[in-house]
Amino acid sequence: MKFYITTAIDYVNAPPHIGHAYEKICADVIARWHRLKGEKVYFLTGTDENAQKNEQAAKEAKIETKKFVDQNSKLFEELCKKLNLSNDDFIRTTQARHTKVAQEIFKKVFDKGDIYKGNYEGYYCQGCEAFITEKELVDGKCPEHNKEPEWLKEESYFFKLSKYQDKVLKLIETNTFILPQKRRNEMISRLKSEGLKDLSVSRTNLDWGITTPIDKKHKIYVWFDALINYVSALGYPDEKPYKEFWPADCHYIGKGINWFHTIIWPAMLMSAGIPLPKTVYVHGYITLNGKKISKSLGNVIDPIFLIDKYEIDPIRYAIIRDIPHGEDGDFSEKSLINRNNNELANDLGNLLSRTLTLIEKNFNSEIPESKSELTFDIEKIDKLMQNYELDKALAEIWKFVNKCNKYINDKKPWEIKDKKELEKILYTLADSLRIISILLHPFIPETSEKINKQLNIQLGTLKDCKPNLLKKTKIKKGEHLFKKI
RNA sequence: GCCUCCGUAGCUUAAUGGUUGAGCGCAUCUCUCAUGAGGAUGAGGUUGUGGGUUCGAUUCCCACCGGAGGCACCA
């Protein structure tokens, strides 16, 4: 079995914020879970760099555009490392491997007869040097430049999106293509009520972007180009990763770009004769301390700053537990601190600590051989993970942690004189911790490794999440798993 | 304006046509292996408001109030 998962590629005209971190962490957890199941996983993330806005932002910063996107893309790459992501690749849409494929697919769609020359008409603001929508106008003026736009006609190539309306509708009506269901309903009703118009897929008068293979005056519209990253990164059409991993099993994206991924992207693929992705999972947005993340509110926290302050595992843990799957959710430092101290340090860290100390004192640091009394329902958790309910899966794992703590209290090993009985209790605890370290690995990989190191064992797979697989080993009690904040 | 979704204890949330379950926080009790950790108990809800269907609604229907989201070239 293979599993190909992607995140959206990020816009590089501003540095990363906590929302980017959230999407990447979730995708990473899913990727790691599938690896635990023994599947061959490919996890892709990257940056979207051909937008016109980059050119403008670079101009404002008085740097060359290429240099500007290089700098900002680096910030996202650095973020991936800091988040401890297990991504297999990082695509940049300015890379030659991408521009080549973007042009190739554009040509393919053109050759199919699905791209034709027409005129794009709309309001054009001289200040923005761009078309703006009627909705964006305030009192008939561009709000940014306080100028009345002019009605302009521009030559443009159009993609016959309308041709694919029925096929796309049929696709999105299948019940696993768009998840969660709420997002599927939105797209279905919108498609049914509005229908599809052809899409302008080229722009003139731009210096930045990918030139169309059919007309040198035109650049490829940035969305048409951006979506293609999912196949260009794999080396479409001939390279091995493409053959092995396409179609994608999951495009993990935010709700703002649902339409592009579930309507436009499938239509492009249909036209180009490329197989369709299996699932587009649409997550919600994050608020920070209860407020929308926005520059004007000045609450844009650099996630790298947060990681340096708190370490990555508590952040991964808190952000996943705090945000209900598919919904918007809030991330706050207060909640992070709470969860770090109560759940990570007290429940889990202390469980390991008390277990290892008991083994140290009673069995000279050697895990005794016996039979475990605790079991864990892996099916339930795997089901939650299949359904992308990461928050609930993690809560379920925590129930097991709590069960272990209660087990110690009930059994009172510090009062037990009978050696066999004591062996059984401590084996049960150590073996349960072994299972916990596997289950937690996708969520908090560093912590999982620390547990294994102290138990002096290797990380298992999901198949090993059954009791009694722990062998007699000498433990190596180390530092506490978590520091309290 | 049109279309989704939501409104349950201070906060986050689960569930169901028939006496609303849980976690955090709070209060009390308790163990001592452990990171002043762990465990137990308790207080707290007429399930947004009004109406309807029903023997019975928090769950189904309608209206209203409140909140979130989507509405194509903006990513």
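Residues numbered from 1 in each chain as written. Chains lettered and ligands numbered in written order. Predicted model: local features only at pLDDT ≥ 70, side-chain atom pairs only at ≥ 80, totals over all residues. Heavy atoms only, no water.

Visitor: I'd like to hear about the packing of helix α12 (residues 312–322) against helix α15 (residues 390–411), residue by residue, with values.
Guide: Two elements in contact, α12 and α15, have axes whose closest approach is 7 Å; the angle formed by their N-to-C orientations is 115°. Our classification of the angle between α12 and α15 gives roughly perpendicular. In this structure, the crossing between α12 and α15 has a hand that is left-handed. Listed contacts from α15 to Y317, I320 and R321 of α12 are L390, D391, L394, A395 and W398. Looking at the contact of α12 with α15, its residues break down into six nonpolar, no polar and two charged. (Axes fitted to C-alpha atoms, helices over the stretch in contact; angles between N-to-C directions. Helix = DSSP H or I, 4+ residues; strand = E, 2+ residues; numbered from the N terminus. Parallel < 35°, antiparallel > 145°, perpendicular 65-115°, else oblique. Left-handed = near helix turned anticlockwise from the far one by under 90°. Contact = heavy atoms within 4.5 Å. Nonpolar A, V, L, I, M, F, W, Y, C, P; charged D, E, K, R; others polar.)

Visitor: So what about the domain arrangement of chain A? Which residues, and what values?
Guide: Taken domain by domain, chain A holds domain 1 (2–310) and domain 2 (333–464). Summarising the inter-unit geometry, the C-alpha centres of domain 1 and domain 2 are found 41 Å apart. Facing 21 residues of domain 1, the contacting portion of domain 2 comprises 21 residues. The contact between domain 1 and domain 2 buries some 1800 Å² in all, and 67% of this surface belongs to carbon and sulfur atoms. Inspection of the domain 1/domain 2 interface yields two salt bridges. (Domains from an automatic or database assignment. Buried area = accessible area lost by both parts, 1.4 Å probe. Salt bridge = Lys/Arg side-chain N within 4 Å of Asp/Glu carboxyl O.)

Visitor: Let's hear about helix α4 (residues 96–111): which residues, and what values?
Guide: Taking 1.5 Å of rise per residue, 16 residues should cover 22 Å, and α4 covers 22 Å from first to last C-alpha, within 8% of that figure. Of all the positions in α4, only H98, V101, A102, I105, F106 and V109 are classed as buried. Within α4, the buried residues cover an arc of 140° as seen down the axis, which keeps them to one side. Facing away from the buried side of α4 by over 90 degrees, the exposed positions are A96 and D111. The positive-phi residue at the C-terminal boundary of α4 is G113, with phi of around 90°. (Expected span 1.5 Å × (residues − 1). Buried < 20%, exposed > 50% of the residue type's maximum accessible area, 1.4 Å probe, protein only. Arc of directions from axis to C-beta.)

Visitor: Now, about the protein's contact with RNA strand B: what can you tell me, with residues and values included?
Guide: Around RNA strand B sit 47 residues, and of these Y11, R203, N350, R354 and N409 come closest. Between K484 and RNA strand B, the recorded distance is 3.5 Å, taken from a side-chain N or O atom to a sugar or linking oxygen. When residues of the surface near RNA strand B are assigned to their parent elements, the largest contribution, eleven residues, is made by helix α13 (residues 333–363). Partitioned by chemical class, the residues of the surface near RNA strand B number 16 nonpolar, 13 polar and 18 charged. (Near = heavy atom within 4 Å. Polar contact = N/O pair within 3.5 Å; in protein donor to acceptor, adjacent residues only side chain to side chain.)

Visitor: Residue-level account of helix α17 (residues 445–455), with values.
Guide: In an α-helix, one turn spans 3.6 residues; hence positions three or four apart end up facing the same way. Listed in full, the buried residues belonging to α17 are P445, T447, S448, I451, N452, Q454 and L455. Residues of α17 that are buried make contact with α1 (18–36), α12, α13 and α16 (419–440). Taken from the residues just after α17, N456 is the one with a positive phi, measuring 60°.

Visitor: For the packing of aromatic side chains, give the residues involved together with the corresponding values.
Guide: Overall, the coordinates contain 15 aromatic pairs when judged by the stated rule. Here W223 and F260 contribute two aromatic rings whose centre-to-centre distance is 4.1 Å and whose plane-to-plane angle is 10°, an arrangement assigned as stacked. Linking W223 in helix α7 (residues 222–227) with F260 in helix α10 (residues 258–272), this pair joins segments that are 37 residues apart in sequence. Overall, the relative accessible area of 19% leaves F260 in the buried class. Each ring, one from Y236 and one from Y242, has its centre 5.1 Å from the other, and the planes form 85°; the classification is edge-to-face. (Phe/Tyr/Trp six-rings, centres within 6.5 Å; stacked < 30°, edge-to-face > 60°.)

Visitor: Quick rundown of the packing of α13 against α17? Include the residues and the values.
Guide: Between two packed helices, the angle of one axis relative to the other and the distance separating the axes together describe the packing. Where α13 contacts α17, the axes come no closer than 11 Å and their chain directions differ by 5°. Relative to α17, the element α13 lies roughly parallel. Counting all contacts with α13, which are made through L348, L352 and L356, the residues of α17 involved are T447, I451, Q454 and L455. For the contact of α13 with α17, the class distribution of residues is five nonpolar, two polar and no charged.

Visitor: Break down the nonpolar core for me, with residues and values.
Guide: One broad trend across soluble globular proteins is that nonpolar side chains are buried collectively. Counting residues in hydrophobic clusters, the biggest one holds 96 residues, and the most contacted among them are I5, Y252, I319, F331, L348, I436 and F443. Ranked by residues supplied to this core, first place goes to α16 with twelve residues. Residue assignment places this core across two domains, with domain 1 (2–310) and domain 2 (333–464) each supplying three or more. Counting 61 residues, the second largest nonpolar core, distinct from the first, contains L44, Y164, I257 and F260. (Core = buried A, V, L, I, M, F, W, Y, C linked by side-chain atoms within 4.5 Å.)

Visitor: Just give me the short version of the state of the cysteines, but keep the residues and values in it.
Guide: Inspection of every chain in the model, using the stated rule, returns zero disulfides. Here C80 stays unpaired: no disulfide links it, and the sulfur of C26, its closest cysteine neighbor, is 14 Å away. Exposure remark for C80: the relative accessible area of 3% places this residue in the buried category. For C250, which is in no disulfide, the shortest distance to another cysteine sulfur is to C26 and amounts to 10 Å. Relative accessible area serves as the criterion here: at 0%, C250 is assigned to the buried category. (Disulfide = S-S within 2.5 Å.)

Visitor: Let's hear about the pattern of salt bridges: which residues, and what values?
Guide: Counted by the stated rule, this structure contains 33 salt bridges. A salt bridge links D70 to K66, with the nearest nitrogen and oxygen atoms 2.8 Å apart. In this pair, D70 and K66 both sit in helix α3 (residues 65–82), four residues apart, roughly one turn of the helix. E373 is the salt-bridge partner of K424, the closest N and O atoms lying 3.5 Å from each other. Of this pair, K424 sits in helix α16 while E373 sits in the loop between α13 and α14 (378–386), placing them 51 residues apart in sequence. By relative accessible area, which is 24% here, K424 ends up partly exposed. E373 gets classed as partly exposed once you look at its relative accessible area, which sits at 35%. Among the charged side chains, a salt-bridge network with shared partners connects E49, K66, D70 and R92.

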